[in-house]
Amino acid sequence: MHFRQFDISIQDLQVFLAVSECASFSGAAKLVGKSQPSVSSRIKRLEERLQIRLFVRDAKSVRLSEEGEKFHGDALKLVDEMAMLHDKFHRKSERRKSVVRVCSPIMVGSALVTISADQFQERNPGIMLKFADDTPDNCVQRVLDGKSDVAIIPIIKLPPEADFRLVFTDLCKVISSSDHPLTQNKSADIAEILKYPILCPNTHIEIRKKLQLEADKRNIKISFVAAAFEVTNYMSLVAMASSNLGIAITSAKFIPEPFQQGIGITRIADCKLTRAFGLVTAKGKNQSAAVQRFCDYLANIGSLMEIARGPI
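Residues numbered from 1 in each chain as written. Predicted model: local features only at pLDDT ≥ 70, side-chain atom pairs only at ≥ 80, totals over all residues. Heavy atoms only, no water.

**Student:** Help me understand the overall build of the protein in this model?
**Tutor:** Helix and strand content of the protein: 12 helices and 12 strands. Of all 312 residues assigned to the protein, the portion counted as buried reaches 41%. For the protein, the exposed surface amounts to about 17600 Å²; the carbon and sulfur share of it is 50%. (Helix = DSSP H or I, 4+ residues; strand = E, 2+ residues; numbered from the N terminus. Buried < 20%, exposed > 50% of the residue type's maximum accessible area, 1.4 Å probe, protein only. Areas by Shrake-Rupley, 256 points an atom, 1.4 Å probe, with all protein chains shown as cover.)

**Student:** I tried to follow unusual backbone geometry on my own but got confused; where do I start?
**Tutor:** With the exception of glycine, most residues fall at negative phi, and the peptide bonds are largely trans. Phi is positive for Ala23, which is not a glycine, with a value near 55 degrees. Owing to a relative accessible area of 33%, Ala23 belongs among the partly exposed residues under this scheme.

**Student:** Sorry if this is basic, but what is going on with the packing of aromatic side chains here?
**Tutor:** A full pass over the atoms with the stated rule returns 6 aromatic pairs. Between Phe16 and Phe55, the aromatic rings sit 5.4 Å apart at their centres with planes inclined by 50 degrees, giving tilted as the arrangement. Within this pair, whereas Phe16 is found in helix H1 (residues 10–22), its partner Phe55 is found in strand S1 (residues 55–57), the two being separated by 39 residues in sequence. By the burial criterion, Phe16 is buried, and Phe55 matches it. Look at Phe120 and Tyr297: their rings are 5.3 Å apart centre to centre, the planes differ by 55 degrees, and that puts the pair in the tilted class. In this pair, Phe120 sits in helix H5 (residues 106–123) while Tyr297 sits in helix H11 (residues 289–300), placing the two residues 177 residues apart along the sequence. Across this residue pair, the class does not change: Phe120 and Tyr297 are buried. Cluster of aromatic residues (ring-pair linked, three or more members): Phe16, Phe25, Phe55 and Phe71. Its guanidinium or amino end placed over the ring of Phe224, Arg208 lies 5.9 Å from that ring's centre, counting from NZ or CZ. The residue whose ring lies beneath Arg208 is Phe229, and the NZ or CZ to ring-centre distance is 4.4 Å. (Phe/Tyr/Trp six-rings, centres within 6.5 Å; stacked < 30°, edge-to-face > 60°. Lys NZ or Arg CZ within 6 Å of the ring centre and 35° of its normal.)

**Student:** Explain the nonpolar core to me, please; I cannot follow it from the model alone.
**Tutor:** If you look at soluble globular proteins, the nonpolar side chains tend to sit buried side by side. Among the nonpolar cores identified, the biggest contains 36 residues, and Val100, Ile175, Leu199 and Phe294 are the most heavily contacted of them. Looking at this core, the elements that each hand over two or more residues are strand S3 (98–104), H5, strand S4 (127–133), strand S5 (150–154), strand S6 (162–171), helix H9 (234–242), strand S12 (274–282) and H11. Residues within four places of Leu199 in sequence aside, it is in contact with Val225, Ala228, Leu237, Met240, Ala241, Leu245, Gly246, Ile247, Ala248 and Ile249. (Core = buried A, V, L, I, M, F, W, Y, C linked by side-chain atoms within 4.5 Å. Contact = heavy atoms within 4.5 Å.)

**Student:** Explain the layout of surface pockets here, please?
**Tutor:** The probe, sized like a water molecule, is rolled over the atoms to show the empty space still left. The space that makes up the largest pocket amounts to roughly 280 Å³. Around the largest pocket, the lining comprises 21 residues; the ones closest to its centre are Pro105, Pro136, Thr232, Asn233 and Tyr234. Sorting the residues of the lining of the largest pocket by element identifies H5, H9 and S12 as the ones contributing at least two each. Each residue belonging to the lining of the largest pocket can be placed in one class, and the counts come to 12 nonpolar, 6 polar and 3 charged. (1 Å grid on protein atoms, 1.4 Å probe; cavity = no way out; pocket = protein on both sides within 12 Å on 5 of 7 lines; lining within 4 Å. Points joined across faces, edges and corners; volume = space filled by probe spheres on them. Nonpolar A, V, L, I, M, F, W, Y, C, P; charged D, E, K, R; others polar.)

**Student:** Explanation requested: the side chain of Arg42 in the structure shown.
**Tutor:** Here Arg42 shows up in helix H3 (residues 36–50). You can call Arg42 buried: its relative accessible area is 16%. Leaving out residues up to four positions away in the same chain, Arg42 has contacts with Ser9, Gln11, Asp12, Val15 and Lys34.

Listed below in structure tokens is the structure:
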């Protein structure tokens, strides 16, 4: 095979085609994301290497020369063939990647995607993560149905065929409107907190049970807001609390910073209510090495809450 060394790159041809399409160096510069002097210099260098004049320039426009017209067809064909070659083998490379299908509630997933997933894929370029969001119950069902490999959820009552691996626990706080009486101090006793209507969805059933237990200890009649029972979106619950429809007692660390300015967040002074988050997989299922690596990564990086938001 006869090897030749070329002084012309595929980038040279792409810049040439961009100038031809835009009929201006400034327009081509915007199209290819380079400065105008860089585009002009590359075209000048290309003309010198080919020893032909590719463009006719005047004060108002840039147009292809006669030789430039002939060169244009071959350059376009070569760039198209190079793009096809790249796509053919790039797609094969993507198909060779191991895939981990992850499901989580929206707020947990948003933190995971922006921080943890980015770090994991940087360290494991051969593993592709695919995400879905749903309620905790539906996330578990997706895992059991084989639609997802792992779910990242707050702890809930699980069916016997599901395994749960704890990743972190977070102290619950009171979420309320910014002008709620509880916000007058940074913390409040549970007896004072339980006097107010409480927003506690069915997805927070464990928290509801704990609150009822604390109320019974103190002989307090607790009021759960029925309108919140079917709420499945975390930010909907926060919005209800900020609108004075009741107070929510839950983890506060997934609340985006812009929303924190318009709500009240109060610590519970004399009672530790926690919410646990972890990984759910199908019991007895042989997980791929990629799934195991992802689960181990999440378990070993410490608290997802600290990674996602830092302390509140």
